[in-house]
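Next come the chains, spelled out residue by residue.
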Amino acid sequence: MNALPARDYPALEPVDSRETRPQPPVDLIIDQAGKTFETARGPMVALAPISLKVAKGSFVALIGPSGCGKSTLLRMAAGLEQPDNGAVLIRGKHPEQFRREGELGIAFQDAALLPWRSVFRNIAFPLQILGRSVKAHTDKIHELIELVGLKGHEDSLPGQLSGGMRQRVAIARSLVSDPSVLLLDEPFGALDQILRRTMNVELQRIWAARQTTTILVTHGIDEAVFLADEVVVMQAKPGRIAEIIKIPFARPRTPELFSHPHFHALCDRLMASLHGEGHTE
Ligand code: ADP
Ligand code: MG
């Protein structure tokens, strides 16, 4: 049987052929790590002990209902939250150490910019923390500002920017130290749909160019399918991993993928998993 014309048929790699390839080394290991918070109403299990391995250079998306522990999982991976039990290791190191070495890029939900610093100086901030020269990285900071579409706003203060612009500053800041692992918690939440698509394509480009191991928390199923090699579907009460779904589309992925029937089929599949309908194959 003849294949459909290429323009109607973005290349798909069968999942099986990927699985027979040599496996890349693992960058992040979460091993039976759980987290319970003490609250006024008693202990709250944010995450039941979970295990996850993220391969070097891969892109993993985390989706799940609000409160299922996505941010807690990411904060544990960043060493900002300690698991009650189990272990989290990045390239064999504790995440905190990895972060201190500038190998971890983080952009979380609330952009958390320093309000008295300009866009340029916010993006430069991690370099100063790491004791690196800002002067030597001036070109790079300007490149990042251009990358996130903020050229002309170098001297603006966060209070003068929209929510979406602040998020883009946070994304640029997360990349300034050339991290080998990038953790992003709903970084595109406040962006309009068009800018979001642009940022999706840009993020794929950055990820591919730098082979940055990336974990992205997102509410957007389409964003997860477009960007990820694997989508981790989580469920709440207690927070846990329900299923991990491989996304077999060839790369680089282009915006046309968003309207392909195979893409929609995978989005439906993820939606079913989110609603607890589990594996349907
Ligand atoms: P998600 O990012 O998936 O929306 P979170 O990881 O933010 O979920 O939170 C998971 C659960 O843990 C939620 O019920 C939240 O209220 C609770 N939680 C998170 N952080 C804390 C904290 N510091 N103290 C008490 N409860 C918390
Ligand atoms: Mg969250």
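Residues numbered from 1 in each chain as written. Chains lettered and ligands numbered in written order. Predicted model: local features only at pLDDT ≥ 70, side-chain atom pairs only at ≥ 80, totals over all residues. Heavy atoms only, no water.

**Points about the sheet that holds strand β6 (residues 181–185)**
Strands in a sheet are paired, the pairing made by backbone hydrogen bonds, and the direction either parallel or antiparallel.
Right, on to step 1. Across the sheet, 6 strands lie side by side as β5-β6-β7-β3-β8-β9; this open sheet has mixed pairing. The strands lining the two open edges of the sheet, one partner per strand, are β5 (104–107) and β9 (240–246). Direction aside, neighbouring strands of the sheet carry axes that sit 15 degrees apart on average.
Right, on to step 2. Taken together, the 4 bridges between strand β3 (residues 59–63) and strand β7 (residues 213–217) define a ladder with parallel strand orientation. Bridge pairing in β7 places Val 60 opposite Ile 215.
Right, on to step 3. Contacting β3, β5, β6, β7 and β8 (230–235), helix α2 (residues 70–77) crosses the sheet at an angle of about 155 degrees to β6. (Pairing = 2+ DSSP bridges. Helix = DSSP H or I, 4+ residues; strand = E, 2+ residues; numbered from the N terminus. Axes fitted to C-alpha atoms, helices over the stretch in contact; angles between N-to-C directions. Contact = heavy atoms within 4.5 Å.)

**Considering α2**
For an α-helix the count is 3.6 residues per turn, leaving residues at separations of three or four pointing the same way.
Right, on to step 1. Most of α2 sits out of view: 6 of its 8 residues are buried.
Right, on to step 2. Two residues or fewer past α2, Gly 79 is found with a positive phi of approximately 75 degrees. (Buried < 20%, exposed > 50% of the residue type's maximum accessible area, 1.4 Å probe, protein only.)

**Remarks on the confidence of the model for the protein chain**
Right, on to step 1. Per-residue confidence for the protein chain gives a mean pLDDT of 89; residues scoring 70 or more make up 90%.
Right, on to step 2. Within the protein chain, helix α1 (residues 15–19) has the poorest average pLDDT of any element, 51, and β3 the best, 98.
Right, on to step 3. Scored below 50 in pLDDT, residues 1–10 shows 6 contacts in the model against residues more than four places distant or in partner chains. (pLDDT = per-residue confidence, 0-100.)

**Topic: the domain arrangement of the protein chain**
Right, on to step 1. Domain parsing of the protein chain yields domain 1 (24–220) and domain 2 (244–281).
Right, on to step 2. One C-alpha centre belongs to domain 1, the other to domain 2, and the line joining them spans 24 Å.
Right, on to step 3. In this complex, domain 1 contributes 10 residues to the contact, which on the side of domain 2 involves 8 residues.
Right, on to step 4. Summed over both partners, the interface of domain 1 with domain 2 comes to about 690 Å²; 69% of that surface belongs to carbon and sulfur atoms.
Right, on to step 5. Looking only at domain 1, the three residues that lose the most surface to domain 2 are Ile 63, Arg 197 and Gln 204, adding up to 56% of its buried area.
Right, on to step 6. Put simply, domain 1 and domain 2 have 0 salt bridges between them. (Domains from an automatic or database assignment. Buried area = accessible area lost by both parts, 1.4 Å probe. Salt bridge = Lys/Arg side-chain N within 4 Å of Asp/Glu carboxyl O.)

**Some points on the packing of helix α5 (residues 138–147) against helix α7 (residues 193–210)**
Helix packing geometry: the angle between the two helix axes and the distance between the axes.
Right, on to step 1. Their axes nearest at 12 Å, the elements α5 and α7 cross at an angle of 145 degrees. Where α5 abuts α7, its residues Lys 140, Leu 144 and Leu 147 lie against Glu 202, Arg 205, Ile 206 and Arg 210.
Right, on to step 2. Its residues placed into classes, the contact of α5 with α7 shows 3 nonpolar, no polar and 4 charged. (Nonpolar A, V, L, I, M, F, W, Y, C, P; charged D, E, K, R; others polar.)

**Observations regarding the site of ligand 1**
Right, on to step 1. Contacts to ligand 1 come from Phe 37, Thr 39, Met 44, Ala 46, Pro 65, Ser 66, Gly 67, Cys 68, Gly 69, Lys 70, Ser 71 and Thr 72.
Right, on to step 2. Coverage of ligand 1 by the protein amounts to 61% of the 560 Å² it exposes when considered alone.
Right, on to step 3. Elements represented by at least two residues in the shell around ligand 1 include exactly β1 (26–39), β2 (42–55) and α2.
Right, on to step 4. Examining the composition of the shell around ligand 1, we find that 3 residues originate from one element, α2, more than from any other.
Right, on to step 5. Among the residues forming the shell around ligand 1, the class breakdown is 5 nonpolar, 6 polar and 1 charged. (Near = heavy atom within 4 Å. Areas by Shrake-Rupley, 256 points an atom, 1.4 Å probe, with all protein chains shown as cover.)

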